[in-house]
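# Architecture at a glance
The primary structure of each chain is shown beneath.
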Amino acid sequence: MENIDRFSINNIRKEFLNFYKSKGHLTEQSFSLIPKNDKSLLLIGAGMAPMKKFFTGAENPPSKRMATCQKCVRTGDIDNVGYTTRHLTFFEMLGNFSFGDYFKEEAISYAWEFLTEILKIDKDKLWVTVYKDDDEALKIWNKKVGLPLERIVKLGKEDNFWELEVGPSGPCSEIYYDTGADRGCDSSDCKPGCDCKRFVEIWNLVFTQFDKDENGNYNALLNPNIDTGMGLERVAVVLQDKDSVFDVEPLFTIIRKIVEISSVEYGTDKNKDTAMKIICDHSRAMTFLIADGVIPSNEGRGYVLRRLIRRAIRQGKSLGIQGEFLTETVQVVIDEWKEAYPQLLEKESYILKVVSLEEDKFKSTIDQGLELLQKEIETLKGSNKSTLDGEIAFKLYDTYGFPYELTEEILKENEFKFDKQEFLSIMEEHRVMAREARSKTGSSGWKDQEINIDVEKTIFTGYNKFSDEAKILSIIHDGDEVNSISEGQLGVIVLDKTPFYAESGGQIGDTGLFLADNFEAEVTNTKKFNSDIFIHEVSILKGSISIGDNVKALINIDRRKNIAKNHTCTHILHKVLKDLLGEHVNQAGSYVSDERLRFDYTHFEAVDSNLIKKIEKEVNEVILSDLKVNIELLSREEAQNSGATALFDEKYGCTVRVISVGDFSKELCGGTHVDVSSKIGLFKILYEGSIASGVRRIEAVTGRASLNYLNALNDLVDELAQTMKSTKDELLNKVNNLKKESKEKDKEIQRLNNELLKGSMDKILDQYEEINGIKFFTLKLKDKDANSLREIADKIKDKNNRTAILIASELNDKVLFVASVTKDLIDIGIQAGNLVKEAAKVAGGGGGGRPDFAQAGGKNLEKIDDAIEAAKKLLKSNI
């Protein structure tokens, strides 16, 4: 074998892509771990997964020949990671692909050339398997490549045939490396397919030549494809002559860092080695997941990430690591993989921040959770039970943040299990309760469970109409269905159809009027009952109305238009945030009204003022571009394929509504929107800040509201300029000069106060009470800052021994306390910090400091005398 640097992961990756580039392949950077427009996958777990549409013909590939090194995450074998020599949750898959171009002969020849001529693997060490009926592949390996028949093994469908239930399928040929008889089973018939560890599979060549139909028939494809996959880490094991994927570089560099952090030697304890391998693997996985936009959460991809982080933290605990450590191992990953994946360096601070926040969050509960689980394990041992209650597992999940798989893993290590069915049942109950709590309406008091409406679903006509004629189907008053409602009463009216938008998707409900002969009602809000019946909350202004009567429903048009401006603007804002902050940004909530918009989004670090200005500028640029807003009704699959941003889950029907702002943004949305972006007017951010861990909020105004906001600011500036007797242009200089003059005057006042103080020091030195031979000075002053109080205390101490001092100053409607004691009192256990803390506590504050000097604050000026008295009692008790 040549030197390890030549066969490092980074070099093998480079050699592979360069080789296939020389063979006319388009070599691409790895696709994201987050599948694009593919709901069937949670994460990318194979080299061909991002290119499925090229194989099926749904999309045209950029080239008929492609080669990639694809990032992959698989958690199906997570329990084996660290325990076997080859399992990883994150790995890189080298692959070359042909979409109807070359086939078996070229695929096999290229693979053999790369392994034997580029990587210079000993030909005698290579074996292959072929599908038992694939004589074509066998012939190519034997006649074209020259591989002896005794090193070509025929295997059945289970091992050497790739297929889906329906669709592309075909035989495959796997290339194995012989690690030597000393690592085998001593059988004379040992060869690929044997259960021993002698033969390591390094490359799988899939020959997609059939289209399997629903009846199980294999129909020949007109243009067969090639899909190959070679695990980068596995081939590195072979080239570096290592026993495990964790021993290859640069994975072992991560292991070395863990050894450094834990002070535990690697290779001396099997359990500790396993813990280090798990941390190593999970550090890589979390780094790449976060870089691709996944954030920790309790659902979907975020749950996978959270599970990996918390599993690694638990393994760190088993190594005796007490503080945060994952940012150190993640830093190694960034440093070692940044050449191949520059985005790791670009997002370095963000990745480290996300890991640090998640580690800090779990740190506060993991010890308590482990202690609880250990107690439960001891209880199980004592009771001869083998199964932990699902309720306990849920408590660990809900209260202590333990992914249930972590609980399951720890129990398994102790030869126990938990009642998974009970756990899942309890979890579902809590989810239902949470959904019900969120669905409850607020101030109006109309809740689904309080009323019963049994009518056909409402037809919404408000996308195209601001008014409509409709029939009354139901009337609710005081929680009961009634036949009619009259002037002065409040209630709910349900129509057969309505132009009123019902509150949903963050957008508030419409308001307006119901009119009929001698009847008028104000609609104060519109909401949904059981998701498809629109309820109009009304106040009857004139006359009466009954079930079956017709009314004219008119929405407040001006209000609706302002809501539409804000709603379309949230779509633009969402896209701008993704463009400027990163693809990890996702909507975490929104509120769209006629007066303002609120947009909550996922992001783990503060957004500085310059970036906020840039966000605001970019949104306004899009608005002023006068982009047409297109609305399409598509099937869910069509919407996904179009690249629309949405959560494609059960809350959407078969047909969905896609809103496109020009070519800039595309989102799935049921709300109301402007028809061109310029109608939004000006966009102005009023607030940006954090509202929860990993979630931030922007509040903004558009249209007339932004104009009103700017006019108010202008009026304020005018008023300030008049007050300061200045022009607007000179106002800032005027204020700065005023601040400077004020500071100079404050200094002069302080100087004069100090002069006065010097003149009264003789009087102050006489103001003490002697307590068992200790002088206790107490002073009450006004408008003296901490420096002045310290100066007074020092002067008193300069003239006295065995002295304790407590000074209170009324300053800015609060009280400032300073305490000081001479060194001889410290020697007998009397400390300034204790005195000032006792006084501040009485005055509704707190503070502390050194034994000889301390300061504190209090809120209650009227408690100054009581505070001094409390300090005096403490002093007496300490003597």
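Residues numbered from 1 in each chain as written. Predicted model: local features only at pLDDT ≥ 70, side-chain atom pairs only at ≥ 80, totals over all residues. Heavy atoms only, no water.

As a further point, take the overall build of the protein chain. Along its length, the protein chain carries 24 helices and 35 strands. At 37 Å, the protein chain has a C-alpha radius of gyration far larger than the 29 Å of a compact globule built from 879 residues. Considered along the principal axes of its C-alpha atoms, the protein chain spans approximately 110 × 90 × 70 Å. For the protein chain, the proportion of contacts with a sequence separation of at least 24, taken over those separated by at least 6, is 66%. If you sum the accessible surface of the protein chain, you get close to 42,700 Å²; carbon and sulfur atoms cover 45% of it. Averaging the positions of the 121 positive and the 145 negative side-chain charges in the protein chain gives two centres separated by 3 Å. (Helix = DSSP H or I, 4+ residues; strand = E, 2+ residues; numbered from the N terminus. Rg over C-alpha atoms; globule rule 2.2 N^0.38 Å. Contact = heavy atoms within 4.5 Å. Areas by Shrake-Rupley, 256 points an atom, 1.4 Å probe, with all protein chains shown as cover. Lys, Arg positive; Asp, Glu negative; His and termini not counted. Charge placed at Lys NZ, Arg CZ, Asp CG, Glu CD.)

What follows covers the packing of aromatic side chains. Remark: the centre distance and the inter-plane angle together describe each pair of aromatic rings, the angle taken between the planes. One pass over the structure, following the stated rule, counts 28 aromatic pairs. Seen from their ring centres, F252 and Y266 are 5.6 Å apart, and the 65° between their planes marks the pair as edge-to-face. One end of the pair, F252, is in helix α7 (residues 251-262); the other, Y266, is in the loop between α7 and α8 (270-291), with 14 residues separating them in the sequence. Relative to Y341, the ring of F288 has its centre 5.1 Å away and its plane inclined at 85°; by these criteria the two rings are edge-to-face. Highlighted residues: F288 in helix α8 and Y341 in the loop between α10 (326-337) and α11 (343-346), separated in sequence by 53 residues. (Phe/Tyr/Trp six-rings, centres within 6.5 Å; stacked < 30°, edge-to-face > 60°.)

Looking now at the sheet that holds strand β30 (residues 768-771). The strand order across the open sheet formed by six strands is β30-β31-β32-β33-β35-β34, and the pairing between neighbours is mixed. Edge positions in the sheet fall to β30 and β34 (846-849), since each of these pairs with one other strand and no more. Each strand axis lies, on average, 15° off the axis of its neighbour in the sheet, ignoring direction. Of the strands in this sheet, β31 (774-782), β32 (803-811), β33 (814-821) and β35 (853-858) are in contact with helix α21 (residues 786-799), which crosses β32 at around 155°. (Pairing = 2+ DSSP bridges. Axes fitted to C-alpha atoms, helices over the stretch in contact; angles between N-to-C directions.)

Attention now moves to the nonpolar core. Nonpolar side chains in soluble globular proteins tend to be buried together. If you look at the biggest cluster of nonpolar residues, it comprises 123 residues, and the most contacted ones within it are F16, L115, W141, I175, W203, L326 and W337. Of all the elements, helix α12 (residues 348-383) adds the most residues to this core, at eleven residues. Those residues in contact with W337 that lie beyond four places of it in its chain are I9, R13, E92, P250, L251, I254, R284, F288 and L344. (Core = buried A, V, L, I, M, F, W, Y, C linked by side-chain atoms within 4.5 Å. Buried < 20%, exposed > 50% of the residue type's maximum accessible area, 1.4 Å probe, protein only.)

As a further point, take a nonpolar patch on the surface. Nonpolar side chains collect at one region of the surface, where L682, L710, L713, L716 and L720 lie side by side and expose about 390 Å² of accessible area between them. Here L713 lies in helix α19 (residues 703-723). According to the relative accessible area criterion, L713 is partly exposed, its value standing at 35%. (Patch = residues over 30% accessible without salt bridge, like charges linked within 9 Å, V, L, I, M, F, W, Y side chains within 5 Å. Salt bridge = Lys/Arg side-chain N within 4 Å of Asp/Glu carboxyl O.)

On to the environment of V354, then. Along the chain, V354 turns up in helix α12. Not counting the four nearest positions on each side in its chain, V354 is found in contact with I290, P296 and F604.

Summarising burial for strand β26 (residues 655-661): six of the seven residues are buried, a large majority. Sheet analysis places strand β25 (residues 629-635) next to β26, joined by seven bridges and oriented antiparallel. From the neighbouring strand, V629 faces β26, where its bridge partner is V661. Hairpin geometry of β26 and strand β27 (residues 665-668) is characterised by an intervening segment of three residues between the two adjacent antiparallel strands and by a positive phi of about 55° at G662.

Turning our attention to the sheet that holds strand β29 (residues 695-702). Strand order in this open sheet of four strands is β23-β24-β29-β28, and the pairing throughout is antiparallel. Each edge of the sheet is formed by a strand with only one pairing partner; in this case those strands are β23 (587-592) and β28 (683-692). In this sheet, adjacent strand axes meet at a mean angle of 15° when their direction is disregarded. Along the sheet face, helix α16 (residues 557-581) touches β23, β24 (597-602), β28 and β29 and points at about 25° away from the line of β24.

Moving on to helix α17 (residues 609-624). In an α-helix, one turn spans 3.6 residues; hence positions three or four apart end up facing the same way. Taking 1.5 Å as the rise per residue, α17 with 16 residues should run 22 Å; its terminal C-alpha atoms sit 22 Å apart, in good agreement. Of all the positions in α17, only I612, I615, E616, V619, N620, V622 and I623 are classed as buried. In an axial view of α17, the angular spread of the buried residues amounts to 160°, which keeps them on one side of the axis. Set apart from the buried face of α17 by more than 90 degrees, the exposed residues are N610, K613 and L624. Tucked into the core, α17 has its buried residues touching α16 and β28. Near the N-terminus of α17, the side chain that reaches the backbone nitrogen of N610, with its oxygen 3.2 Å away, is that of D608. Positive phi shows up at D626, right after α17, with a value of about 60°. (Expected span 1.5 Å × (residues − 1). Arc of directions from axis to C-beta. Polar contact = N/O pair within 3.5 Å; in protein donor to acceptor, adjacent residues only side chain to side chain.)

Looking at the secondary structure, you find S30 in the loop between β1 (26-28) and α2 (52-56). A distance of 3.3 Å separates a polar atom in the side chain of S30 from a polar atom in the side chain of Q70. Among the polar contacts listed, one links the side chain of S30 to the backbone nitrogen of K71, at a separation of 2.9 Å. Beyond its immediate chain neighbours, meaning those up to four positions away, S30 contacts C69, Q70, K71 and Y341.

With respect to burial, helix α14 (residues 404-413) is a largely interior element, seven of its ten residues being buried. Positive phi shows up at E415, right after α14, with a value of about 65°.

Tallied over the entire structure, the rule returns 45 salt bridges. Notably, a salt bridge pairs E136 with K104, separated by 3.2 Å at the nearest N-O pair. Taken as a pair, E136 in helix α4 (residues 135-145) and K104 in helix α3 (residues 104-118) lie far apart in primary sequence, 32 residues in all. Owing to a relative accessible area of 42%, E136 belongs among the partly exposed residues under this scheme. In this structure, the salt-bridge partner of K872 is E769, at a minimum N-O distance of 2.9 Å.

Quick look at the packing of α3 against α4 now. Where α3 meets α4, the axes come as close as 10 Å, and the angle between the chain directions of the two elements is 50°. The pairing of α3 with α4 is recorded here as oblique in orientation. Where α3 crosses over α4, the handedness of that crossing is right-handed. Contact with α3, carried on its side by K104, E105, I108, S109 and W112, involves E136, A137, I140, W141, K144 and V145 of α4 and no other residues of that element. (Parallel < 35°, antiparallel > 145°, perpendicular 65-115°, else oblique. Left-handed = near helix turned anticlockwise from the far one by under 90°.)

Moving on, we come to the environment of K361. Structurally, K361 can be placed in helix α12. A relative accessible area of 34% means that K361 is categorised as partly exposed. Put simply, K361 and G401 are 40 residues apart on the chain and 8.9 Å apart in space, counted from C-alpha to C-alpha.

Contact geometry of α8 with α10 gives a least axis separation of 9 Å together with a crossing angle of 70°. Taken together, the axis directions place α8 and α10 in an arrangement best described as roughly perpendicular. In this structure, the crossing between α8 and α10 has a hand that is right-handed. In this structure, α8 uses I279, S283, R284, M286, T287 and F288 to contact α10, whose residues at the interface are L326, T329, V330, V333, I334 and W337. Here the contact of α8 with α10 is composed, by residue class, of eight nonpolar, three polar and one charged. (Nonpolar A, V, L, I, M, F, W, Y, C, P; charged D, E, K, R; others polar.)

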